[in-house]
Amino acid sequence: MNCLEARIVKDGIVKEGNVLKVDSFLNHQMDPELFNEMGREWKRRFEGKTITKILTIEASGIGIACIAAQHFGVPVVFAKKAKSINLDGEMYTAEVESFTHKNKNQVIVSKKFLNENDHLLLIDDFLANGCALQGLIQIAKAAGATVEGIGIAVEKGFQAGGQIIRNLGYQLESLAIVEEMNWETGEIKFREQ
Ligand code: G4P
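Note on numbering: residues in each chain are counted from 1, in written sequence order. For a predicted model such as this one, the threshold for reporting local features is a pLDDT of at least 70, and the threshold for listing and counting side-chain atom pairs is 80 or more; totals across whole chains, interfaces and linings nevertheless cover every residue. Neither water nor hydrogens contribute to the side-chain values; these are computed over all heavy atoms in the structure.

Enquirer: It is not clear to me how the nonpolar core should be interpreted in this structure. Could you clarify?
Expert: Most often, soluble globular proteins have nonpolar side chains that are buried together. In plain words, nonpolar cores are sets of buried Ala, Val, Leu, Ile, Met, Phe, Trp, Tyr and Cys residues tied together by side-chain atoms within 4.5 Å. Note on exposure labels: buried denotes an accessible area under 20% of the residue type's maximum, exposed denotes more than 50%, and partly exposed covers the range between, all computed with a 1.4 Å probe on protein chains only. The biggest cluster of nonpolar side chains holds 31 residues, and the ones touching the most others in it are L4, I8, L20, L26, M38, W42 and I54. Only runs of H or I of at least four residues qualify as helices and only runs of E of at least two qualify as strands under DSSP, and these elements are numbered from the N terminus. Broken down by secondary-structure element, the contributors of at least two residues to this core are α1 (3-11), α2 (32-45), α3 (61-72), β7 (119-127), β8 (146-156), β9 (172-181) and β10 (188-190). With six residues, the single largest contributor to this core is α3. Core analysis: the second largest hydrophobic core is formed by 26 residues, A94, V96, L127 and L172 among them.

As structure tokens, this is what we get:
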């Protein structure tokens with residue numbers, strides 16, 4: 001069991017409807033030491049890859065990405081969620097549908113911060129249906145950048161996102177893959193990696 005899996009077992013709370021609450025250490029209150037270990041592990045898993053930038057999406061990806069970035073020595077760019085914006089041609093845009101929140105967000109990244117010379121590592125806290133990642137991939141493509149890999153903290157292995165992204169051929173490294181969880185017993189099963 002790695003440090004993230006162990007922390008999920010210790011402090012994660014399984015809610016009805018297959019929701020895993022990790023807000024005491026991952027996406028509300030945040031544990032920088034845990035993020036540092038996660039960054040170290042992604043660095044190990046993406047050894048040998050040239051990464052020029054980390055691309056994430058607001059809000060919860062940002063803290064994790066910033067600490068991970070210190071292991072790669074690169075800047076972090078985050079896609080901003082913008083409900084109504086003046087698209088003046090200076091932004092890459094993608095539409096991200098949230099299955100969980102049942103809404104759609106336009107996400108934007110300034111053209112100043114991504115270009116065809118970039119080799120990106122995409123980072124996010126959760127992978128469920130993969131909509132957020134598909135939005136980031138679309139933005140990377142619009143910039144002509146190369147996606148070298150994808151680092152996720154918690155993948156919900158029983159939802160479709162992981163398989164969709166792996167089938168697209170990306171190296172996807174999720175530090176904890178939840179296969180099953182039971183809100184009545186609180187039991188969580190992880191995929192062996
Ligand atoms: P997807 O991006 O993989 O398609 O995920 P989905 O639409 O299903 O999820 C929408 C939001 O809900 C995402 O956050 C995602 O991180 C979060 N989410 C999904 N499943 C869980 C879960 O079991 N537990 C928790 N805590 N979050 C979950 P978001 O809208 O982008 O929010 P944020 O980054 O601003 O926090």
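Alright, that's what it looks like, and here's the rest.
Enquirer: Would you mind showing me how to read unusual backbone geometry here?
Expert: Trans is the prevailing form of peptide bonds, just as negative phi is the prevailing case for residues other than glycine. In this model, E58 is joined to A59 through a cis peptide bond whose omega is 0 degrees. Its place among the elements puts A59 in the loop between β3 (53-57) and α3. We note that N18 has phi near 60 degrees; this positive angle belongs to a residue other than glycine. Position of N18 relative to the elements: it lies in the loop between β1 (13-15) and β2 (19-21). With relative accessibility at 35%, the residue N18 sits in the partly exposed group.

Enquirer: It is not clear to me how the site of the ligand should be interpreted in this structure. Could you clarify?
Expert: If a single non-hydrogen atom of a residue is within 4 Å of a molecule or strand, that residue counts as near it. Around the ligand there are 22 residues in total, and L20, S60, T100, G130 and C131 lie nearest to it. A distance of 3.1 Å separates an oxygen atom of the ligand from a polar backbone atom of A132. Elements with a contribution of two residues or more to the shell around the ligand: β2, β5 (91-98), β7 and α4 (131-143). Per-element tally for the shell around the ligand: the top contributor is β7, with three residues. Basically, the charged four are Asp, Glu, Lys and Arg, the nonpolar ten are Ala, Val, Leu, Ile, Met, Phe, Trp, Tyr, Cys and Pro, and anything else, Gly included, counts as polar. When the residues that make up the shell around the ligand are grouped by side-chain class, the tally is nine nonpolar, eight polar and five charged. The term polar contact refers here to a pair of N or O atoms within 3.5 Å; inside protein, the definition further demands a hydrogen-donor-capable atom paired with an acceptor-capable atom, and it admits residues adjacent in sequence only when both atoms are side-chain atoms.

Enquirer: Explain the side chain of T56 here, please?
Expert: Position of T56 relative to the elements: it lies in strand β3. A polar contact is formed between the side chain of T56 and the backbone oxygen of I123, at a distance of 2.7 Å.

Enquirer: Mind showing me how you'd approach the sheet that holds β3 here?
Expert: Pairing between the strands of a sheet comes from backbone hydrogen bonds, and it takes one of two forms, parallel or antiparallel. A pair of strands is labelled paired if DSSP reports no fewer than 2 bridges between them. One open sheet holds the eight strands; their spatial order is β5-β6-β4-β3-β7-β8-β9-β10, and the pairing between them is mixed. Looking along the sheet, the strands with just one partner apiece sit at the ends: β5 and β10. The sheet shows a mean angle of 30 degrees between the axes of neighbouring strands, taken without regard to direction. The pairing of β3 with β7 spans three bridges and is parallel. By the bridge assignment for β7, K53 is matched with L120. Packed on one face of the sheet, α3 meets β3, β4 (76-82) and β7 and runs near 170 degrees to β3. A contact between two residues is defined here by any heavy atoms of the two lying within 4.5 Å. Each axis is a line fitted through C-alpha atoms, and for a helix only the stretch in contact is used; angles between axes span 0 to 180 degrees, taken between their N-to-C directions. Sitting on the sheet, α4 touches β3, β4, β5, β6 (103-110), β7 and β8, and the angle it makes with β5 is about 165 degrees.

Enquirer: Is there a simple way to think about the pairing of β6 in this case?
Expert: Side chains on a regular strand alternate between the two faces of the sheet. Pairing analysis gives three bridges linking β4 to β6, with the strands arranged antiparallel. Paired with A82 across the bridge in β6 is Q106. By the bridge criterion, eight bridges tie β5 to β6 in an arrangement that is antiparallel. Among the inter-strand pairings, T93 is bridged to a residue of β6, identified as I108.

Enquirer: Help me understand α1 in this model?
Expert: An α-helical segment advances 3.6 residues per turn. Residues three or four places apart therefore align on the same side. Among all positions of α1, only L4, E5, R7 and I8 are buried. Buried residues in α1, looked at end-on, bunch into an arc of 165 degrees, giving them a common side. Among the structural elements, β2, α2, β8, β9 and β10 are those in contact with the buried residues of α1. Put simply, N2 is the residue that caps the front of α1, since its side-chain oxygen is 3.0 Å from the backbone nitrogen of L4. Arc definition: it is the arc formed by the directions from the helix axis to the C-beta atoms.

Enquirer: What am I meant to see in the environment of I150 here?
Expert: For I150, the position within the fold is in strand β8. When its relative accessible area of 0% is taken as the criterion, I150 is described as buried. Residues I150 and T56 lie 94 residues apart in sequence; the distance between their C-alpha atoms is 9.9 Å. The residues touching I150, leaving out its near neighbours within four places in the chain, are F46, L121, L122, L133, I137, I165, Y170, Q171, L172 and E173.

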